[in-house]
Amino acid sequence: FALPILMIAGIWWLRNISVYGFPDILGLGAHDGVVADQLRTADYIAANGTAAYLQLFIQLTYNSFWGQFGWMAFPLQGWMYTAIFIFMLAVLIGWVMRFFVKVPGRAQLDRWQVIGWLVMGVLGFIAVMQYIYYNAEFFQAQGRYLYPGLLPLGLFVALGLDGWALLWRRRSQRLRWGAQLPILLFLPLNLWLIWRVLPLLSP
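Residues numbered from 1 in each chain as written. Predicted model: local features only at pLDDT ≥ 70, side-chain atom pairs only at ≥ 80, totals over all residues. Heavy atoms only, no water.

Novice: Would you mind going over the nonpolar core with me for this structure?
Specialist: Counting 13 residues, the largest nonpolar core has L76, F87, V157 and W192 as the members making the most contacts within it. Within the residue set of this core, elements represented by two or more residues are α6 (78–98), α8 (150–171) and α9 (186–201). In terms of residue count, the dominant contributor to this core is α6 (6 residues). Judged by nonpolar contacts, the second largest core, of 8 residues, contains Y44, Y53, F65 and L146. (Core = buried A, V, L, I, M, F, W, Y, C linked by side-chain atoms within 4.5 Å. Buried < 20%, exposed > 50% of the residue type's maximum accessible area, 1.4 Å probe, protein only. Helix = DSSP H or I, 4+ residues; strand = E, 2+ residues; numbered from the N terminus.)

Novice: Explain the pattern of salt bridges here, please?
Specialist: Per the counting criterion, the structure on display carries 1 salt bridge. Taking the shortest distance from any N to any O, the salt bridge between E137 and R40 comes out at 3.9 Å. A residue pair is termed long-range when its members are at least 10 positions apart, and E137 in helix α7 (residues 111–137) and R40 in the loop between α2 (28–34) and α3 (41–48) qualify at 97 residues. On the basis of relative accessibility, which here comes to 38%, the residue E137 falls in the partly exposed class. (Salt bridge = Lys/Arg side-chain N within 4 Å of Asp/Glu carboxyl O.)

Novice: How should I be thinking about helix α1 (residues 2–20) in this particular structure?
Specialist: The α-helix advances 3.6 residues per turn, and as a result positions three or four apart in sequence lie on the same side. A bend of about 35 degrees at A9 is the largest found in α1. Three or more residues of α1 are buried, namely A9, G10 and N16. Positive phi appears at G21, one or two residues downstream of α1, with a value of about 90 degrees. (Bend = angle between axes of the 7 residues up to and from the residue.)

If you want it as structure tokens, here you go:
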């Protein structure tokens, strides 16, 4: 796992050292200089209170993770965020059912699958922690900063849908594809973005 990381990221680290100097390997020092006038989290909390900050932080993070375009100027429709929330709630329920529905012949995780789970868990944890770390200083509640965690999130969604599939397959073979139906939710969402949002972003 370390070799491809060093091969890909190492090129950028060497480039950053050549541009920003050592030890600013990630360019964070240069970043702080560029965004000197950017809103600080501490200043926002001092002016508006912790409760208001947390409410806005969670709302902006959720909305912008799923879609808020044009430098945060074009959010999705409210019902779209609600539909996505219901979808993710169903995924969570399916995830729980996956561990309670007894399936004959289900194989136990082998050594490499356990290692894979650990890697995905660490990746998701790092994605969340770097987001919290960045927002501890700057008020940047933009869900795109969580995208390094898309791989474990995708696995989480897949297993949640599989939980529903396991339940439905036990009841009827005709419902074996029923767990795939929620994915159709994203088809009209994508069409709406192409038709209504993207033209607003074109120069």
